[in-house]
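Observations on the three-dimensional arrangement
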Amino acid sequence: MLDIKAIVFDLYGTLFDVHSVATACEAVAPGRGMELSQLWRQKQLEYTWLRSMMGQYLSFEQATADALDYCVARLGLPADAGQRATLCDAYLALQPHAEVPAALQELNRRGIPLGILSNGSVRSIAAVVGNAGLAERFRHLLSVEPVQVFKPDPRVYALGEDAFGLGRQHILFVSSNAWDATGAGHFGYPTCWVNRNGANTFECMGSRPTLEVRGIDAILASDAWRLAA
Ligand code: LAC
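These remarks concern the structure in this document. (Residues numbered from 1 in each chain as written. Predicted model: local features only at pLDDT ≥ 70, side-chain atom pairs only at ≥ 80, totals over all residues. Heavy atoms only, no water.)

Secondary-structure assignment places Leu142 in strand β6 (residues 140–143). A C-alpha to C-alpha distance of 9.8 Å links Leu142 and Asp10, two positions 132 residues apart in sequence. Among all residues touching Leu142, those that are not within four sequence positions of it are Ile116, Leu117, Ser118, Ile125, Leu159, Gly160 and Ala163. (Helix = DSSP H or I, 4+ residues; strand = E, 2+ residues; numbered from the N terminus. Contact = heavy atoms within 4.5 Å.)

Shown next, in the form of C-alpha cells:
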C-alpha cells in the first residue's frame, strides 16, 4: 500500500473550473461562450507546450492572452483590447469545483500537508486561490516561474518534491488533466486522475494513473493508500 505523506494538486481544471470564464466569454461571443472557453483552454495549453519546446519561456498569463488572440481571430469575434483584458482578468477569479472547499478542509483536519503545483505565475496562483478564500489550506503554492519551463517538463514536477522535502513516492499528485497526470507519473509520483467528466479515455502513452476519481473528495475514501501526515 502506498504511504502518502503530502498531496500536491494541479490548479486549473483540477481545483478550479477553467470554464467558469464561459459566462464572461458570452459577452464577446453570444451563444458561443463555451465554445470560446474550450478552444481558449486548448490553445493556452498548446502554447505552453510550444514555448517549452522552443526554449522560450514566457508567463502563463502571456500564453493565455496569446491564446485568446488566436481564438478571437479564428472565430471571427469583434473583441477589442478592453474586452480581451476583461476576459484574461476572469482567469484570476475562477470558481473552485463544488466539492473542493470541503474536501480541502477535511484533508487539513486530517493533518495532510497540501500544495499546488501549477503552470500559473506566483501572482496568478495567489490571486485565484486567494479570491476563493482557500489560501490557508495550502502549505506550498508552487509556480513554474523558478524553472522557467512548463509542465510536463520533469523540472516542474521536481518543485513539489523539493518543497515538501519528501521522496516522490510519498507525494500524491492530483490532476484532472490526463496529460499532466501522465507527466507526473513519468516523474515518479503516485497519481490521481480526477476524471470529472467521466471521459472514457486516459492518455495512451503507456501508463495509467494510480487511481481515477470523479472528484477530489474521493481521495479521502480511497483504500489505495494510507494518508498520514
Ligand atoms: C496547471 C494547468 C496545467 O495548473 O492546469 O498547471
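A few words now on the sheet that holds strand β9 (residues 211–213). Pairing within the open sheet is parallel, and its six strands lie in the order β6-β5-β2-β7-β8-β9. Looking at strand neighbours, the two that pair on one side only are β6 and β9, the edges of this open sheet. Averaged over all pairs of adjacent strands, the angle between their axes in this sheet comes to 20 degrees, without regard to strand direction. When strand β2 (residues 6–9) meets strand β7 (residues 171–175), the two strands line up parallel, connected through four bridges. If you follow Ile7 over to β7, its bridge partner there is Leu172. (Pairing = 2+ DSSP bridges. Axes fitted to C-alpha atoms, helices over the stretch in contact; angles between N-to-C directions.)

On to the state of the cysteines. Enumeration according to the criterion identifies zero disulfides in this entry. Cys71 supplies the cysteine sulfur nearest to Cys25, a cysteine that is in no disulfide, at a spacing of 8.6 Å. (Disulfide = S-S within 2.5 Å.)

Turning to the packing of aromatic side chains, a few remarks are in order. All told, the structure shown has ten aromatic pairs when counted by the stated rule. Consider the rings of Trp49 and Trp179, whose centres lie 5.0 Å apart with planes at 80 degrees: the pair is edge-to-face. Within this pair, whereas Trp49 is found in helix α2 (residues 33–54), its partner Trp179 is found in helix α8 (residues 178–187), the two being separated by 130 residues in sequence. A relative accessible area of 15% means that Trp179 is categorised as buried. (Phe/Tyr/Trp six-rings, centres within 6.5 Å; stacked < 30°, edge-to-face > 60°. Buried < 20%, exposed > 50% of the residue type's maximum accessible area, 1.4 Å probe, protein only.)

Here we come to the side chain of His97. Relative to the helices and strands, His97 is located in the loop between β4 (95–96) and α5 (100–109). We classify His97 as buried; its relative accessible area is 16%. Separated by 3.5 Å, the side chains of His97 and Arg196 make a polar contact. Here His97 is in contact with Gly13, Thr14, Leu15, Phe16, Asp17 and Arg196, once residues within four sequence places are set aside. (Polar contact = N/O pair within 3.5 Å; in protein donor to acceptor, adjacent residues only side chain to side chain.)

This part covers the pairing of β7. With respect to burial, β7 is a largely interior element, five of its five residues being buried. Side chains of β7 alternate between two faces, with Ile171, Phe173 and Ser175 and Leu172 and Val174 buried alike. Judged from the three bridges that link them, β7 and strand β8 (residues 191–194) form a sheet pairing that is parallel. The residue of β8 that forms the bridge with Phe173 is Thr191. A crossover links β7 with its parallel partner β8, the connecting element being α8, and its sense is right-handed. (Right-handed = clockwise from strand over helix to strand, strands pointing away.)

Here Gly115 is to be found in strand β5 (residues 114–118). Each C-alpha atom, one on Gly115 and one on Ile7, is 6.3 Å from the other, the two residues being 108 residues apart in sequence. Ignoring anything within four residues of it in the chain, the contact list for Gly115 reads Ile7, Val8, Phe9, Phe138, His140 and Phe164.

A word on the packing of α2 against helix α3 (residues 60–75). Taken N-terminus to C-terminus, the directions of α2 and α3 make an angle of 130 degrees; their axes are 8 Å apart at the nearest point. Viewed along their axes, α2 and α3 adopt a mutual orientation that is oblique. Relative to α3, α2 is oriented so that their crossing is right-handed. The residues of α3 that touch α2, namely those facing Glu35, Leu36, Leu39, Trp40, Arg41, Lys43, Gln44, Tyr47, Thr48 and Arg51, are Phe60, Ala63, Thr64, Asp66, Ala67, Leu68, Tyr70, Cys71, Arg74 and Leu75. Counted by class, the contact of α2 with α3 contains eleven nonpolar, three polar and six charged residues. (Parallel < 35°, antiparallel > 145°, perpendicular 65-115°, else oblique. Left-handed = near helix turned anticlockwise from the far one by under 90°. Nonpolar A, V, L, I, M, F, W, Y, C, P; charged D, E, K, R; others polar.)

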